[in-house]
Amino acid sequence: MQKYGSDDVASLEELQARFRFRDFPHFIETWVWKNQFLREYEDFTVIANAVAADLDAQNVRYAEVFFSPGDFARHGLAVQPLAQAIRQGLDLQPRRLQVQLIGDLIRDFGPTQGARWLEALAEVRDAGIIGIGMGGSEHEYPAEAWGAVYERARALGFRTTAHAGEAAGADSVWAALRVLHVDRIGHGTRAAEEPALVRYLKDKGVPLEMCPLSNVATKVVPDLARHPIASWFRQGLQVTVNTDDPCMFGNCLESEYTALMQVHGLSLDDVRSLVDNAIRAAWCDEATRTRLRQELYSG
């Protein structure tokens, strides 16, 4: 904002107020608003380096991070050099951290445009792009139209996920499973509305990328105490803990685990089990999985 200037935010307090969300559509509105301050490839190198430094400071060893290149086409930024700019930022300094990338196809732009972005991502998969996902306005753009795009993604060798059960209900989760055939579900929170779906997720061992503090911030759940993650963990679902958009919500992975311990009474052993769930769900090679698990339990 200092680089490009802003006419509608005059102080830090006004900026902080911008990031208090009324509901999920307001979050999307704010997401689009902040994108105006990311206009050049070098901006993404700066941000990616800061993200990596923050994760490293939290003692994170491995992360799979989403980026949404299509959001910045209006600034003339192409998918391929944008991905490379992000990779440059992630790798600027040697760290204990390994970061893989997941390209967000952004459901709001439709499957035809999403298919074009998918092919562009395939051209630069050597930037550490291991999979594709689909965020955006889930409540307005159902997943059913994206089946062919996801089939093509698998043919290209990408792993797949999609936001579902966040801004829309159980039907959205079923569509991600039955039409997109995803490897993981992003959020999945509102699967709680249909007990048969919760049983299915448990029986099939579907990994859930759950983001508790995000769901509270966007009013998907009224408060953390009523978030289903702890109950589902105790029932044996493969839930994992994630941050969604930490710079939008003011959270971090540490704060997610701490909040779950304080509100839901999780122990350190429970947290270790949740991390183990994440290792099992990760799209890394087996050597990396073994190393991460050894480090997790060595303490």
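As shown above, the structure is provided for reference.
As the structure is a prediction and not an experimental result, all values here were calculated from the model.

Focus: the overall build of the protein chain
- From N to C terminus, the protein chain includes 14 helices and seven strands.
- On C-alpha atoms alone, the protein chain measures out to a radius of gyration of 18 Å, which is about the 19 Å that the 2.2 N^0.38 rule sets for 299 residues.
- A buried classification covers 52% of the 299 residues belonging to the protein chain.
- At a minimum sequence separation of 6, the contacts of the protein chain that also span at least 24 residues come to 70%.
- Carbon together with sulfur atoms contributes 51% to the accessible area of the protein chain, which is approximately 13,800 Å² in total.
- Counting 31 positive and 41 negative side-chain charges, the protein chain places the centres of these two groups 4 Å from one another.

Remarks on the packing of aromatic side chains
- Within this structure, the stated rule accounts for eleven aromatic pairs.
- When the ring of F19 is compared with that of W33, the centres are 6.4 Å apart and the planes differ by 65°; the resulting orientation is edge-to-face. Here the residue F19 occupies a position in the loop between α1 (12-18) and α2 (24-34), and W33 occupies one in helix α2, the gap between them amounting to 14 residues.
- Overall, the relative accessible area of 10% leaves W33 in the buried class.

Concerning the nonpolar core
- With 66 residues, the main nonpolar core has L177, L180, I185 and V239 as its most contacted residues.
- Counting residues per element, this core draws most heavily on helix α7 (residues 170-178), at six residues.
- Excluding its chain neighbours within four sequence positions, the residues that come into contact with L180 are M134, A143, W146, G147, Y150, R154, A162 and A175.
- Counting nine residues, the second largest nonpolar core, distinct from the first, contains I102, I279, C284 and L296.

Details of unusual backbone geometry
- In this model, H187 sits at a positive phi of 80°, which is unusual for a non-glycine residue.
- Mapping H187 onto the fold places it in strand β5 (residues 184-187).
- Classification of H187 as buried rests on a relative accessible area of 1%.

Considerations on the packing of helix α13 (residues 268-281) against helix α14 (residues 286-298)
- It is at 10 Å that the axes of α13 and α14 come closest, and there the two elements cross at 175°. Looking at the two axes, α13 sits roughly antiparallel to α14. From α13, R272, V275, D276, I279 and R280 reach across to α14, where they touch R289, L292, R293, L296 and Y297.
- Taken together, the residues of the contact of α13 with α14 break down into five nonpolar, no polar and five charged.

Structural notes on the pairing of strand β3 (residues 129-133)
- Most of β3 sits inside the fold, with five of its five residues counted as buried.
- Alignment of strand β2 (residues 98-104) against β3, held across four bridges, turns out to be parallel. Considered in β3, the bridge of L101 is made with I129.
- As for the winding sense of the linkage, the β-α-β connection from β2 through helix α5 (residues 110-123) to β3 is right-handed.
- As paired strands, β3 and strand β4 (residues 159-164) are joined by two bridges and run parallel to one another. Bridging across to β4, G131 finds its partner in R159.

Notes on helix α4 (residues 79-90)
- Across its twelve residues, α4 extends 17 Å between first and last C-alpha, which sits within 8% of the 16 Å expected from 1.5 Å per residue.
- Of all the positions in α4, only V79, L82, A83, A85, I86, R87, G89 and L90 are classed as buried.

Here's the deal with the sheet that holds β4
- Spatially, seven strands are ordered β1-β2-β3-β4-β5-β6-β7 in an open sheet, and the strand pairing comes out parallel. If you trace the sheet from one side to the other, it starts and ends with β1 (62-67) and β7 (239-241), each paired once. The mean angle between the axes of side-by-side strands here comes to 30°, regardless of whether they run parallel or antiparallel.
- In this sheet, β7 lies alongside strand β6 (residues 208-210) in parallel orientation, the contact comprising three bridges. From the neighbouring strand, M210 faces β7, where its bridge partner is V241.

Digging into the environment of T290
- Assignment of secondary structure puts T290 in helix α14.
- Along the primary structure T290 and Y141 are separated by 149 residues, whereas in three dimensions their C-alpha atoms are 38 Å apart.

Re the pattern of salt bridges
- For the coordinates displayed, the defined rule picks out 17 salt bridges.
- Where D91 meets R87, a salt bridge forms, and the shortest distance between an N and an O atom there is 3.3 Å.
- D276 is the salt-bridge partner of R293, the closest N and O atoms lying 2.9 Å from each other. Residue R293 is located in helix α14, and its partner D276 is located in helix α13; the two are separated by 17 residues in the primary sequence.
- Residue class for R293 comes out partly exposed when judged on its relative accessible area of 26%.
- Bridged by salt links that share partners, the residues K3, E40, E42 and D43 form one connected network.

Thresholds, definitions, all that
Residues numbered from 1 in each chain as written. Predicted model: local features only at pLDDT ≥ 70, side-chain atom pairs only at ≥ 80, totals over all residues. Heavy atoms only, no water. Helix = DSSP H or I, 4+ residues; strand = E, 2+ residues; numbered from the N terminus. Rg over C-alpha atoms; globule rule 2.2 N^0.38 Å. Buried < 20%, exposed > 50% of the residue type's maximum accessible area, 1.4 Å probe, protein only. Contact = heavy atoms within 4.5 Å. Areas by Shrake-Rupley, 256 points an atom, 1.4 Å probe, with all protein chains shown as cover. Lys, Arg positive; Asp, Glu negative; His and termini not counted. Charge placed at Lys NZ, Arg CZ, Asp CG, Glu CD. Phe/Tyr/Trp six-rings, centres within 6.5 Å; stacked < 30°, edge-to-face > 60°. Core = buried A, V, L, I, M, F, W, Y, C linked by side-chain atoms within 4.5 Å. Axes fitted to C-alpha atoms, helices over the stretch in contact; angles between N-to-C directions. Parallel < 35°, antiparallel > 145°, perpendicular 65-115°, else oblique. Nonpolar A, V, L, I, M, F, W, Y, C, P; charged D, E, K, R; others polar. Pairing = 2+ DSSP bridges. Right-handed = clockwise from strand over helix to strand, strands pointing away. Expected span 1.5 Å × (residues − 1). Salt bridge = Lys/Arg side-chain N within 4 Å of Asp/Glu carboxyl O.

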